[in-house]
Amino acid sequence: MYHICKLHTIFTTLRYYEKLQTEVLTRVQQQGLQFKTLSNSSQILVTMKPTRGKTPKKTPRKVNVNKTKDPVEVYSRVRPLEDPNGSICMKITNSTTVQLTPPENSHAYKNGHYKESTHTFKYVFGPETSQKAMFDHVALPLVEDLLHGKNGLIFMYGITNSGKTHTMQGSMQDSGVLPRCLDVIFNSLGDLQAKKYVFKPDRSNGMDVQTEADAMMERQKKELMPFTQRTPSTPRRKDKDDFSNMVRVPDTTRLSGLIEDNMYSVFVSYIEIYNNYIYDLLEEMPETITPKKPYRLFGMASDNQWTLPSKSLREDSNHNMYVANINEVEVKSADDAFIVFLKGQKQRKVAHTKLNTESSRSHSVFNIRLVQAPLDPAGEEVLQDKNEICLSQLSLVDLAGSERTHRTKTSGDRLREAGNINASLMTLRTCIEILRENQTNGANKIVPYRDSKITHLFKNYFDGEGKVRMVVCVNPKAADYDETTHVMRFAEVTQEVQIARPTGPKFDIGLTPGRRKAHQMYRKMLEQEGGTPGANLAQTNRPIITLGPPFPCLQMNDPNEDVIANLLAFLVEREKRRNILESERLRKEEAFRARLQDFEKEAEAVKAENRDLKKEVERYKKKLKLHDSEKESINREHAGVLREINNELSNKDKQLQKEIQEKEKLRLALKGVQQSEKERWEKEMGKRVMANKMEYENRLWVKNAQLDQLKQIVCGNGEVEGAGDRDDVEMEEDKPKPTQVLNRSQSPPPKRTAPPVKIRHRRSRSTSNTVWVDHKPVSTLDTETILQPVGPKKKKTVNNPSVKDLKKTDNYMVTHQEEDSKGEVETKIYKAEVLPTRGGGRAVQFTDVEKLKTGSPTNSPPSRKRKSDEGDGRSPREVEARCSYGYESKAGQTQPSVNHTVPSKKFRK
Ligand SMILES: Nc1ncnc2c1ncn2[C@@H]1O[C@H](COP(=O)(O)OP(=O)(O)OP(=O)(O)O)[C@@H](O)[C@H]1O
């Protein structure tokens, strides 16, 4: 009794303190502060946060940018060979690497790929690996995550007959991943499970919570009216009987670390994706339909077959994908869950193919959802707050095997299935590859999750958070080489995809830890005291503190009976007891008061701390303000500098534009100048060509005339032949002998013609005293050289000689200038005699030419030579021939015209 009282007091105190603490916390939380407080009795430091713990299911839509990411973990399992003597194409080189060698009959080998390929994974399990080792390595960590409120996905991938289903399901004696997951979950939950129907799926991927009383009502209702229920609950007795002969060896692993003040429930669902349609494998068959054939369906259903309706995918309020309107069964033990799985398995589409006697023709997804919520402050029931429910999910996926239809020798429905299987696996590959590309290259390509139901369903795992593990099952058979290499390559790519690490939920919602235990103890005490087991303190009417046994019977049956004395003794006893209780009460009251005072002091201390924290917050706020203003001024400064730089940049830009324009102008001007120069030169060259042409024509004419003259001489004009001045004779001395002359007369060369002028007139006049008419056209350039042409001392320089000028003199010279191809100016001075004509006019006969040429000292030797007679060994006769043309000036003409002249003929005016 004493202990009960003590406990009662402790509980009352505890509750009072909780109330007090909650009040203080609420106030502090309202102020948005974090602070530390001491727990009342255990003196444990508990960190309180302003926000309450939320469920982890609220995954954000987009990838968590700042979250830590982990790559998808890929494991490889190599199954044993069916035929121990068969040829293999792979070798496990170490615990993480597998090497593939192309066999000679493989496509790769035929296409020239002879090299071995090496593939590295997180771990490679050899053929001897046990199911238990496989589970412990791959799935156990995800089960642990599930119990701590985190999501996980395991999928089996590989070609047909590679051991996917074997790894996932295993056998009764040697269970695979799925049954072991169930075993470990229920082993770990123990008695932390909530009563059935306390948690209820809300049909939109969430969970509702109800009181235990309501849950009990629902249980009773369902037990009383089992036929009205549509949703399958815990496996019925019939189902249990169906599988009773199956004895499964369970996994005994138990995980610790669960939150004892939480209540847990497990829900399972089982779906398959067949031909890109989703079916609920736990769908109950309507009572009205009695199938003639067993559940298992292959292909199309006939009239009396039960065909599963297809389900659709939806997105919940947290943007998580889920299959709408499927049955989620609440299970209370691993065996129950396994029976549900077997029930669904019966409806799965499995068929016999050439490569696998029981080949899965669909992708199957077995979902385990764990619901947990904290207990109320009394530690008695689940807190009736939907927001405090935490949902975590472990999806176990057995993908259908990819296959080459020519190898499986499929046709009809099997072929269509294979096409759909391969298409969905291809979508999975594409999604993974694009995801990887987006993550590694920073690309922003759209991941085609929607192209296939399987990828669409697991979109959240890749986009959101959770742990993803893939087991690549491989058959070492040489015949599978081509398909296996594809699978291996894809698996390697998958390892590069990063998934945000899941964050666990926070259940620290400000309630005292150890509630469940305290409540259990309390109940135990009540039971010991004879109270109704399970009744809580408030509902108990029986007084916990009594003053002793009930009053004795006061009825007097015997006159000798000392009723009064008995009553007195009883009362004395009772008074004594009351006094004891009173003193005890007073003592406890004192103790309680003292404790209360302690709490008050503590609360005061908390308040003081709160005040200090407030002050600190104020100080930080001020600091923040200061930093803000500093930041503002830096920003302003920065903006000013930026403006200046921009201005400078724009000025520089303008300047550059200006320079570019000027350059363009200059280029155009230069182009113009170049064009005009070109035109000028073309004109000039045209003129020169004309002059040269005329000159050569004249020379030709002279030659012809000389030839005519020679002809005349040869044809009998002895006078001419014998004639000739002495000079002529002298000059003829250099000529060939008479025989040669004879020969020459037969075929006279042009050089040997008679001189066009009399040699006596060719004496140099530069030294005579007569006045020369020096004809210099206006365009004549001054050569400005030291050496000047040899010329007469007396001369009259005219730009345009008139007849009158010529009448006064008998010596005439004309200056002609030309520019050669090298740009050097050549000056020619033609000298002539002015002879009177019979008609009273004057004829000019050119007798000599003097050439002056300027040149660059680097291009030509620094000589400035009088070009007369050239000194190149040419005979004087050649000079005569050269000068046997002249200018003829006629009355009325301002310019004399060029004409040929011969010694016998004079040009007349
Ligand atoms: N590791 C293993 N140890 C022993 N037997 C195995 C192993 N892996 C697979 N097997 C056996 O090989 C056969 C085919 O395996 P399983 O059905 O698991 O292949 P699968 O990849 O699921 O094929 P499918 O894609 O066609 O469904 C089964 O009989 C299975 O028992």
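Because the structure is predicted, anything quoted here is derived from the model rather than measured. (Residues numbered from 1 in each chain as written. Predicted model: local features only at pLDDT ≥ 70, side-chain atom pairs only at ≥ 80, totals over all residues. Heavy atoms only, no water.)

Draft legend 1. Representation of the overall build of the chain in the model. A count of helical and extended segments in the chain gives 21 helices and 30 strands. Burial analysis of the chain (909 residues in total) assigns 42% to the buried set. Across the chain, contacts joining residues at least 24 apart in sequence account for 72% of those joining residues at least 6 apart. (Helix = DSSP H or I, 4+ residues; strand = E, 2+ residues; numbered from the N terminus. Buried < 20%, exposed > 50% of the residue type's maximum accessible area, 1.4 Å probe, protein only. Contact = heavy atoms within 4.5 Å.)

Draft legend 2. The pattern of salt bridges, seen in detail. Evaluation of the coordinates by the stated rule reveals 34 salt bridges. The salt bridge partner of Lys796 is Asp805, with a shortest N-O separation of 2.8 Å. Relative accessible area serves as the criterion here: at 11%, Asp805 is assigned to the buried category. A single salt-bridge network, built from bridges that share partners, covers Lys132, Asp136, Asp174, Arg180 and Asp251. (Salt bridge = Lys/Arg side-chain N within 4 Å of Asp/Glu carboxyl O.)

Draft legend 3. Summary view of the packing of aromatic side chains. Evaluated as defined, the whole model comprises 11 aromatic pairs. Taken together, a centroid distance of 5.1 Å and an interplanar angle of 40° make the contact between Tyr270 and Phe341 tilted. With Tyr270 in strand β12 (residues 262-274) and Phe341 in helix α9 (residues 334-346), this residue pair connects regions lying 71 residues apart in the sequence. This pair shows no difference in class: Tyr270 is buried, exactly as Phe341 is. Arranged with centres 5.8 Å apart and planes meeting at 45°, the rings of Phe458 and Tyr461 form a pair that is tilted. Here Phe458 and Tyr461 have matching classes, each one buried. In textbook terms, an aromatic cluster arises when at least three aromatic residues are bridged by ring pairs, as seen for Tyr270, Phe338, Phe341 and Phe366. A cation sits over an aromatic face here: Arg248 above Phe338, 4.7 Å from the ring centre. It is Arg619 that lies over the ring of Tyr620; its NZ or CZ is 5.6 Å from the centre. (Phe/Tyr/Trp six-rings, centres within 6.5 Å; stacked < 30°, edge-to-face > 60°. Lys NZ or Arg CZ within 6 Å of the ring centre and 35° of its normal.)

Draft legend 4. Seen up close, the sheet that holds strand β28 (residues 842-853). Taken in spatial order, the five strands of this open sheet run β25-β24-β26-β27-β28, and their pairing is mixed. Only two strands of the sheet have a single neighbouring strand rather than two, namely β25 (795-798) and β28. Taken pair by pair, the neighbouring strands of this sheet meet at an average axis angle of 25°, ignoring direction. Pairing geometry for strand β26 (residues 811-819) and strand β27 (residues 825-836), over nine bridges, is antiparallel. Bridging across to β27, Glu819 finds its partner in Val825. (Pairing = 2+ DSSP bridges. Axes fitted to C-alpha atoms, helices over the stretch in contact; angles between N-to-C directions.)

Draft legend 5. Spatial organisation of helix α7 (residues 212-224). Taking 1.5 Å per residue as the helical rise, α7 with its 13 residues ought to reach 18 Å, and the 18 Å between its terminal C-alpha atoms agrees with that figure. Of the positions making up α7, those classed as buried are Ala215, Glu218 and Arg219. Summarising the axial view, the buried residues of α7 lie within an arc of 100°, below the 170-degree limit, and thus occupy one face. Exposed residues on α7 whose side chains face more than 90 degrees from its buried face are Met217, Lys221 and Leu224. The elements touched by buried residues of α7 are β10 (199-201). (Expected span 1.5 Å × (residues − 1). Arc of directions from axis to C-beta.)

Draft legend 6. Region of the structure containing empty space enclosed by the protein. According to the stated counting rule, one finds 13 cavities of 30 Å³ or more in the structure shown. In this structure, the second largest cavity encloses a volume near 80 Å³. Residue lining of the second largest cavity: Leu153, Phe155, Val397, Leu399, Leu428, Ile454, Thr455, Phe458 and Phe462, and that is the complete set. Secondary-structure elements contributing two or more residues to the lining of the second largest cavity are β9 (152-158) and α12 (453-457). (1 Å grid on protein atoms, 1.4 Å probe; cavity = no way out; pocket = protein on both sides within 12 Å on 5 of 7 lines; lining within 4 Å. Points joined across faces, edges and corners; volume = space filled by probe spheres on them.)

Draft legend 7. Layout of the confidence of the model for the chain. Residues of the chain with pLDDT of at least 70 account for 69%, and the chain-wide mean is 76. pLDDT under 50 marks residues 718-767. Its contacts with residues more than four places away, or in other chains, come to 72 contacts. In the model, residues 889-909 has pLDDT below 50 throughout and makes 59 contacts with residues more than four positions away in sequence or in other chains. This prediction of the complex comes with two scores: 0.55 for pTM and 0.98 for ipTM. (pLDDT = per-residue confidence, 0-100.)

Draft legend 8. Representation of the sheet that holds strand β5 (residues 90-94). Read from one edge to the other, the open sheet built from three strands follows the order β5-β6-β7, with strand pairing classed as antiparallel. With partners counted over all chains shown, the strands left at the sheet margins are β5 and β7 (117-120), one partner each. The average undirected angle you get between the axes of adjacent strands in this sheet is 25°. Where helix α14 (residues 481-494) meets the sheet, its contacts fall on β5, β6 (97-100) and β7, and the angle it forms with β7 comes to roughly 40°.

Draft legend 9. The nonpolar core, seen in detail. Phe155, Tyr157 and Phe458 are the most contacted members of the largest nonpolar core, which totals 52 residues. Among the elements that make up this core, the one with the highest residue count is helix α11 (residues 412-441) (seven residues). In this view, Phe458 contacts Leu153, Val365, Ser395 and Val397; residues no more than four positions away in its chain are not counted. With 50 residues, the next largest nonpolar core counts Val177, Leu255, Leu308 and Ile368 among its residues. (Core = buried A, V, L, I, M, F, W, Y, C linked by side-chain atoms within 4.5 Å.)

Draft legend 10. Up close: the packing of helix α3 (residues 131-138) against helix α6 (residues 177-189). Viewed as axis vectors pointing N to C, α3 and α6 meet at an angle of 65°, and their least axial separation amounts to 10 Å. Like other packed secondary-structure pairs, α3 and α6 cross with a definite hand, here right-handed. From α3, Gln131, Lys132 and Phe135 reach across to α6, where they touch Val177, Arg180, Cys181 and Val184. Taken together, the residues of the contact of α3 with α6 sort by class into four nonpolar, one polar and two charged. (Left-handed = near helix turned anticlockwise from the far one by under 90°. Nonpolar A, V, L, I, M, F, W, Y, C, P; charged D, E, K, R; others polar.)

Draft legend 11. View of the side chain of Lys311. Relative to the helices and strands, Lys311 is located in strand β14 (residues 310-311). Among the residues examined, Lys311 registers a relative accessible area of 14% and is labelled buried. A polar contact of 3.2 Å, which involves the side chain of Lys311, links it to the backbone oxygen of Asn325. Residues within four places of Lys311 in sequence aside, it is in contact with Ile278, Asp280, Glu283, Val323, Ala324, Asn325 and Ile326. (Polar contact = N/O pair within 3.5 Å; in protein donor to acceptor, adjacent residues only side chain to side chain.)

Draft legend 12. View of α9. When the terminal C-alpha atoms of α9 are compared, their 18 Å separation across 13 residues agrees well with the 18 Å that a helix rising 1.5 Å per residue should span. Within α9, 11 of the 13 residues are buried, leaving the element largely enclosed by the surrounding structure.

Draft legend 13. Expanded view of the pairing of β28. Within β28, 10 of the 12 residues are buried, leaving the element largely enclosed by the surrounding structure. Linking β27 back to β28 in an antiparallel pair, the connection comprises five residues, with Gly840 at a positive phi of about 90°.

Draft legend 14. Quick peek at a nonpolar patch on the surface. A cluster of nonpolar side chains, Val641, Ile645 and Leu649, forms an exposed patch at the surface whose accessible area comes to about 270 Å². Classification of Leu649 as exposed rests on a relative accessible area of 54%. (Patch = residues over 30% accessible without salt bridge, like charges linked within 9 Å, V, L, I, M, F, W, Y side chains within 5 Å. Areas by Shrake-Rupley, 256 points an atom, 1.4 Å probe, with all protein chains shown as cover.)

Draft legend 15. Geometry of the pairing of β7. A one-sided burial pattern is seen for β7, the buried positions being Ser117 and His119 and the unburied ones Thr118 and Thr120. Relative to β7, β6 is paired through four bridges, and the arrangement is antiparallel. Directly across from Gln99, in β7, lies its bridge partner Thr118.

Draft legend 16. Highlighting unusual backbone geometry. The phi torsion at Asn276 lies on the positive side, around 65°, for a residue other than glycine. Examined against the element boundaries, Asn276 turns out to sit in the loop between β12 and β13 (277-280). Phi at His319 takes a positive value of approximately 65°, unusual for a residue other than glycine. Mapping His319 onto the fold places it in the loop between β15 (313-315) and β16 (321-323). His319 sits in the partly exposed class, given a relative accessible area of 28%.

Draft legend 17. Structural detail: the packing of α3 against helix α4 (residues 140-147). Contact pair α3 / α4: the axes reach a minimum separation of 4 Å and the direction vectors enclose 50°. Here α4 runs oblique to α3, going by the angle between their axes. Side by side, α3 and α4 meet where Phe135, Asp136, His137 and Val138 of the first sit next to Leu140, Pro141, Leu142 and Val143 of the second. Among the residues making up the contact of α3 with α4, the classes are represented as six nonpolar, one polar and one charged. (Parallel < 35°, antiparallel > 145°, perpendicular 65-115°, else oblique.)

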